[in-house]
Amino acid sequence: MTNLREEPAGDALTSWRTYRLAAIPGDGVGPDVLAAGRSVLEATAAAAGFGLEWTELVVGGAGIDAYGVAVRPEDVAACRAADAVYLGAVGGPKWDDPSSSVRPEQALFALRGGLGLFANLRPVTIHRSLVAASPLRPELLEGVDLLIIRELTGGLYFGARTEASGAAGSRAASDTLPYSDGEIERVVRLAFELARGRRSNVTSVDKANVLATSRLWRRVAIEVGAGFPDVQLNHQLVDSCAMQLVKWPAGFDVLVTENLFGDILSDEASVLAGSLGMLPSASVGSRRTAHGLHGLYEPIHGSAPDIAGRDLANPIGTILSGAMLLRWSLGQANAAAAIEAAVSQAIDDGFRTADLWPADAVTTAGLTRVGTAAMTEAIVDRIAIRRPEVVA
Ligand code: IPM
Ligand code: MG
C-alpha cells in the first residue's frame, strides 16, 4: 500500500487548490515589499502546485487619498472573506497632521479589531551570516530564538481616550489601559500552546508593581499556566525585560505581553536580527477557515517613506511573513519551509540589501549589494519544494 505521509491537506500532490488572498500594499515601501512578497508566494505556489487568487485593496494613506478614510467596511469584509491578508505597511508624513481625524494607522486597528486578530506573533531568529549586522557582541546572539506574542486588540491601543482640548497651559489628554480576564486568557493560552512546540518556556511580561491590569494579567497567566505543568512560566517586569533582551536574549523562548509593551519590545528585539527589515509577523485570532487560522501577515517595519519606490527596501520581513501565511493560514508547511530555506540560502550566498550592508569595507568580501528586486529574484531562484515522502 502506498501512502502519503500525513501532511496538511494542501500538500497532497494530487489536489490542486486555489486560495483567496487579500493584498494591502499600503503606503511608502509597502507596495515595494508587498510586490516582492507576492512574487515569492506566486513562485512558491507554482512550484508546490497550488493557486493564489488576489483581491487588492486600497487601504491606509492610499485609502484616505482615494476614499477619504483609511479603511472602508467593505475592505474589512473582503479581508474577512479571504483565506488570509497580506499587508505591506501604512502611514507617511503626508497624513501625519495630528489634528486630522483620519489617519492611516486607523486601518490597522480596524483590521486587527474587526477581524478579531488578538495575537500578534513576532518570531526573532538570527541568521548566522548576519551576526555582524547586529550592534550586539556575537557571543550574545548565540542561541537566540524567541517568539514575542503581543496582545493586539486590547490595552492602551483600544482603551477610551480623550484628545487634548482647551487653551495652552490648561490642556489635558488621557489614554486608558483596560483588560478583561478573557482577553488575557486567550492570548496567554496561545503562548503556552506554542511554547509546547518550542522549548516549553513562557515569560509573561507585565508591570505588576504599578498597574492593576498587569496584576490581573499575572494572575490569569498563573491560572492558565496551571493547565500546562510541562511548560515553565516566568514573570518579568517590562523594564527589566527590556534590559534582559539585550543582555541575554538567548534566555527567552516565548514572551507574551500586552499590546503597547509588545510593540516596544518587538522593535527592540529586531536589533538582534540585524535589521528591522528582517522580521515577519502574523496576527491571528480564533477563527478558522477551511485551510487554517484566519490571519493577517505583515513585516514588523513601518512604511519608511524616505526610501519608498527606490528599490532600496529589504523585502525579507515581508517574504518571511508570506511563509508564515502559508504555514498558519493555508496549511502549506512544506511551501513555507521552502521560502525560509530560500531566504537563508540567499543570505548565505552573500546577497545584502542596504540595511544589511556592513559599515566597514573589510567585511564586504563575497557580498553582493542588491536592491529589493534583485534580493527577491535571488530568493525566488532558490525556492525548492521538498515533496512529501512516499512511504511504502
Ligand atoms: C506595529 C506598528 C503599529 C503599532 C503602528 C504603525 C500603529 O508600530 O505594527 O508594530 O503600533 O501597532
Ligand atoms: Mg511597532
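Quantities reported herein were computed from a predicted structural model and do not represent experimental measurements. (Residues numbered from 1 in each chain as written. Chains lettered and ligands numbered in written order. Predicted model: local features only at pLDDT ≥ 70, side-chain atom pairs only at ≥ 80, totals over all residues. Heavy atoms only, no water.)

(A) The site of ligand 1, seen in detail. Contacts to ligand 1 come from Glu105, Leu108, Phe109, Arg112, Arg122, Arg150, Tyr157 and Asp263. For ligand 1, an oxygen atom lies 2.8 Å from a polar atom in the side chain of arginine 112. A distance of 2.5 Å separates an oxygen atom of ligand 1 from a polar side-chain atom of tyrosine 157. Here ligand 1, which alone exposes 320 Å², has 75% of that area covered by the protein. Tallying contributions element by element places helix H4 (residues 106-114) first for the shell around ligand 1, with 3 residues. (Near = heavy atom within 4 Å. Polar contact = N/O pair within 3.5 Å; in protein donor to acceptor, adjacent residues only side chain to side chain. Areas by Shrake-Rupley, 256 points an atom, 1.4 Å probe, with all protein chains shown as cover. Helix = DSSP H or I, 4+ residues; strand = E, 2+ residues; numbered from the N terminus.)

(B) Structural detail: the packing of helix H10 (residues 316-328) against helix H11 (residues 333-348). With their axes 7 Å apart at the nearest point, H10 and H11 run at an angle of 160° to one another. One element, H10, and the other, H11, form an angle in the roughly antiparallel class. Of the two possible hands of crossing, H10 and H11 adopt the one that is left-handed. Touching Ile316, Ile319, Leu320, Ala323, Leu326 and Arg327 of H10 are Ala333, Ala335, Ala336, Ala337, Ile339, Glu340, Val343 and Ile347, all from H11. Looking at the contact of H10 with H11 residue by residue, the class counts come to 12 nonpolar, no polar and 2 charged. (Axes fitted to C-alpha atoms, helices over the stretch in contact; angles between N-to-C directions. Parallel < 35°, antiparallel > 145°, perpendicular 65-115°, else oblique. Left-handed = near helix turned anticlockwise from the far one by under 90°. Contact = heavy atoms within 4.5 Å. Nonpolar A, V, L, I, M, F, W, Y, C, P; charged D, E, K, R; others polar.)

(C) View of the domain arrangement of the protein. Domains assigned within the protein are domain 1 (1-8 + 16-122 + 276-387) and domain 2 (135-159 + 175-273). At the junction of the two partners, domain 1 supplies 16 residues and domain 2 supplies 19 residues. Of the roughly 1,600 Å² buried between domain 1 and domain 2, counting both surfaces, carbon and sulfur atoms make up 68%. The largest per-residue losses of area from domain 1 upon contact with domain 2 belong to Phe118, Asn120 and Arg122, which jointly make up 43% of the total buried on that side. There are 0 salt bridges connecting domain 1 and domain 2. Counting across the interface, domain 1 meets domain 2 through 4 residue pairs in polar contact (both at pLDDT 80 or more). Sorting the residues of the side of domain 1 that touches domain 2 by element identifies H4, strand E5 (119-125) and strand E12 (280-288) as the ones contributing at least two each. (Domains from an automatic or database assignment. Buried area = accessible area lost by both parts, 1.4 Å probe. Salt bridge = Lys/Arg side-chain N within 4 Å of Asp/Glu carboxyl O.)

(D) Region of the structure containing the packing of aromatic side chains. Counted under the stated rule, the structure contains 6 aromatic pairs. Between the aromatic rings of tyrosine 19 and phenylalanine 50, the centroid separation amounts to 5.4 Å while the plane-to-plane angle is 80°, which identifies the pairing as edge-to-face. Pair noted here: tyrosine 19 is in strand E2 (residues 18-26) and phenylalanine 50 is in the loop between helix H1 (30-48) and strand E3 (51-56), with a separation of 31 residues, a long-range link. Taken individually, tyrosine 19 and phenylalanine 50 each receive the classification buried, so the pair is uniform in this respect. Aromatic rings pair up to connect Phe109, Tyr157 and Phe158 into one cluster. (Phe/Tyr/Trp six-rings, centres within 6.5 Å; stacked < 30°, edge-to-face > 60°. Buried < 20%, exposed > 50% of the residue type's maximum accessible area, 1.4 Å probe, protein only.)

(E) Region of the structure containing the side chain of aspartate 253. When you line up the elements, aspartate 253 lands in the loop between helix H8 (238-247) and strand E11 (254-257). Take aspartate 253: its relative accessible area is 1%, and that puts it in the buried class.

(F) How the structure looks around the pattern of salt bridges. Scanning all chains against the criterion turns up 19 salt bridges. As a salt-bridge pair, aspartate 206 and arginine 218 come within 2.8 Å of each other at their nearest N and O atoms. Of this pair, aspartate 206 sits in strand E9 (residues 201-206) while arginine 218 sits in helix H7 (residues 212-225), placing them 12 residues apart in sequence. When its relative accessible area of 25% is taken as the criterion, arginine 218 is described as partly exposed. Across the pair aspartate 239 and lysine 207 runs a salt bridge, and its minimum N-O distance is 3.1 Å.

(G) Representation of helix H9 (residues 259-270) within the structure. For H9, which comprises 12 residues, the first-to-last C-alpha distance of 17 Å matches the rise-based estimate of 16 Å (1.5 Å per residue) to within 8%. At its buried positions, H9 is contacted by E5, strand E6 (145-151), E9, H7, H8 and E11. Residue glutamate 258 occupies the N-cap position of H9, its side-chain oxygen lying 2.9 Å from the main-chain nitrogen of leucine 260. (Expected span 1.5 Å × (residues − 1).)

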